[in-house]
Amino acid sequence: MIHAPSSGSGNDPATPPGRPASRAAGQKRSGNSVLRHATDFLPLLLALALALGTFWLVRSMPQIRPDTPPSSNEPDYYLRDFELRRYDPLGNLQIELAGSYGEHVPGPDTIHVQQARTFSIDAHGTTTRASADRAVSDGKGQNIELFGQVHAVRQRTAEGGGKNGTPPPVIFESSYLKATNRQEHLSTDQPVKITQGNDVITGTGMTYTGASRTVNIQGRWQAVIQPHRQTGPCGF
């Protein structure tokens, strides 16, 4: 008796047993391999992303200009309620400059002073004191320009112990006064009033030289001179 194999039962010789499971395992191993290779390249990808981000950040940042040196016309230091003094090699006071506020400008080496007060003394002991709303002095205090309500007093000492004693001081009043050579030479192109004792001279400008004790009045001038003995030209 011949038995024919029944359809749909048993194993099919054309389809080996276990083939679907083997295919699924292969696919799993392939996926693991791709994942492992991707993991191997992950640090490189992160480094590339970091480099691109850094490059973008640098490009997007504003450019920083190199530091430029400060202008020589800008103050490099400030002073408040100050007094500056200059002495000769023997320690004798020569010049004093004081004020409520000061600025030093390095370019021209000048000191700009508010509420300025100045003092100087020469080799003969003659002193000059001045005050003004503001002043501009060179770095050594040798040359000073005074501005606004200028009041300068020049006092000579008694010469040789003379019988007349110390002469009256010479007072200069103006809106501007330029003092050079340690205030030995005074000048202005503005209206000025000069007083010594009872003598008064006014003019539209003047120059004064301490060495010769002479004053040159410029422009229109007026003078009131009281009779008295003179010890030098103009008594100044």
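Residues numbered from 1 in each chain as written. Predicted model: local features only at pLDDT ≥ 70, side-chain atom pairs only at ≥ 80, totals over all residues. Heavy atoms only, no water.

A count of helices and strands for the protein chain gives 1 helix and 10 strands. In the protein chain, the succession of helices and strands from N to C terminus is α-β-β-β-β-β-β-β-β-β-β. The buried share of the protein chain, reckoned over its 236 residues, is 28%. Surface exposure of the protein chain reaches about 16,400 Å², of which carbon and sulfur atoms provide 56%. (Helix = DSSP H or I, 4+ residues; strand = E, 2+ residues; numbered from the N terminus. Buried < 20%, exposed > 50% of the residue type's maximum accessible area, 1.4 Å probe, protein only. Areas by Shrake-Rupley, 256 points an atom, 1.4 Å probe, with all protein chains shown as cover.)

To continue, consider the nonpolar core. Membership of the largest hydrophobic core comes to 25 residues, with the highest contact counts inside it found for L146, F172, L177, L186, I194 and M206. The set of elements that each furnish at least two residues to this core consists of β1 (77-87), β3 (110-121), β4 (127-138), β5 (144-155), β6 (170-180), β8 (192-196), β9 (199-209) and β10 (214-224). If sequence neighbours within four positions are ignored, F172 has contacts with V150, H151, A152, R154, L186, K193, I194, M206 and Y208. (Core = buried A, V, L, I, M, F, W, Y, C linked by side-chain atoms within 4.5 Å. Contact = heavy atoms within 4.5 Å.)

Attention now goes to the pairing of β6. Relative to β6, β5 runs antiparallel, the two being bridged by 9 bridges. The residue of β6 that forms the bridge with I144 is A179. Pairing of β6 with β8, which is carried by 5 bridges, proceeds in the antiparallel orientation. Following the sheet pairing, E173 is matched in β8 by K193. Strand direction decides the pairing type here: β6 and strand β7 (residues 185-188), joined by 3 bridges, are antiparallel. (Pairing = 2+ DSSP bridges.)

Sheet analysis places strand β2 (residues 93-105) next to β3, joined by 9 bridges and oriented antiparallel. For H104, the partnering residue across the bridge sits in β3 and is I111. The loop that links β2 with its antiparallel partner β3 comprises 4 residues; one of these, D109, has a positive phi angle of about 55°. Two elements, β3 and β4, share 11 bridges in a ladder whose sense is antiparallel. Counted as the bridge partner of Q114 is R134 from β4.

In the predicted model, the protein chain carries a mean pLDDT of 79, and 69% of its residues have values of at least 70. For the stretch residues 1-15, pLDDT sits under 50, and the model shows 0 contacts to residues farther than four places along the chain or on other chains. (pLDDT = per-residue confidence, 0-100.)

Quick look at the pattern of salt bridges now. Throughout the structure, instances matching the rule amount to 4 salt bridges. Residue E83 pairs with R85 through a salt bridge whose shortest N-O separation is 2.5 Å. Note that E184 is salt-bridged to R154, the shortest N-O span being 3.2 Å. Of this pair, E184 sits in the loop between β6 and β7 while R154 sits in strand β5; the two residues are 30 residues apart in sequence, bridging distant segments of the chain. On the basis of relative accessible area, E184 is assigned to the buried category, the value being 17%. (Salt bridge = Lys/Arg side-chain N within 4 Å of Asp/Glu carboxyl O.)

Take the environment of R80 next. Mapping R80 onto the fold places it in strand β1. When the C-alpha positions of R80 and G99 are compared, they lie 7.4 Å apart, and in sequence the two are 19 residues distant. Once residues within four sequence positions are removed from consideration, R80 is found in contact with S100 and Y101.

Here the focus is a nonpolar patch on the surface. A surface patch of nonpolar side chains, about 300 Å² in accessible area, is lined by L42, L45 and L46. Structurally, L46 is set in helix α1 (residues 19-60). (Patch = residues over 30% accessible without salt bridge, like charges linked within 9 Å, V, L, I, M, F, W, Y side chains within 5 Å.)

Let us now look at the packing of aromatic side chains. Considering all chains together, one arrives at 3 aromatic pairs under this definition. Centroid distance F147 to Y176: 5.3 Å. Interplanar angle 45°. Geometry classified as tilted. Residue F147 is found in strand β5, and its partner Y176 is found in strand β6; the two are separated by 29 residues along the sequence. Overall, the relative accessible area of 16% leaves Y176 in the buried class. (Phe/Tyr/Trp six-rings, centres within 6.5 Å; stacked < 30°, edge-to-face > 60°.)

On to the environment of R213, then. Here R213 is to be found in the loop between β9 and β10. The exposure class of R213 is buried, given its relative accessible area of 15%.

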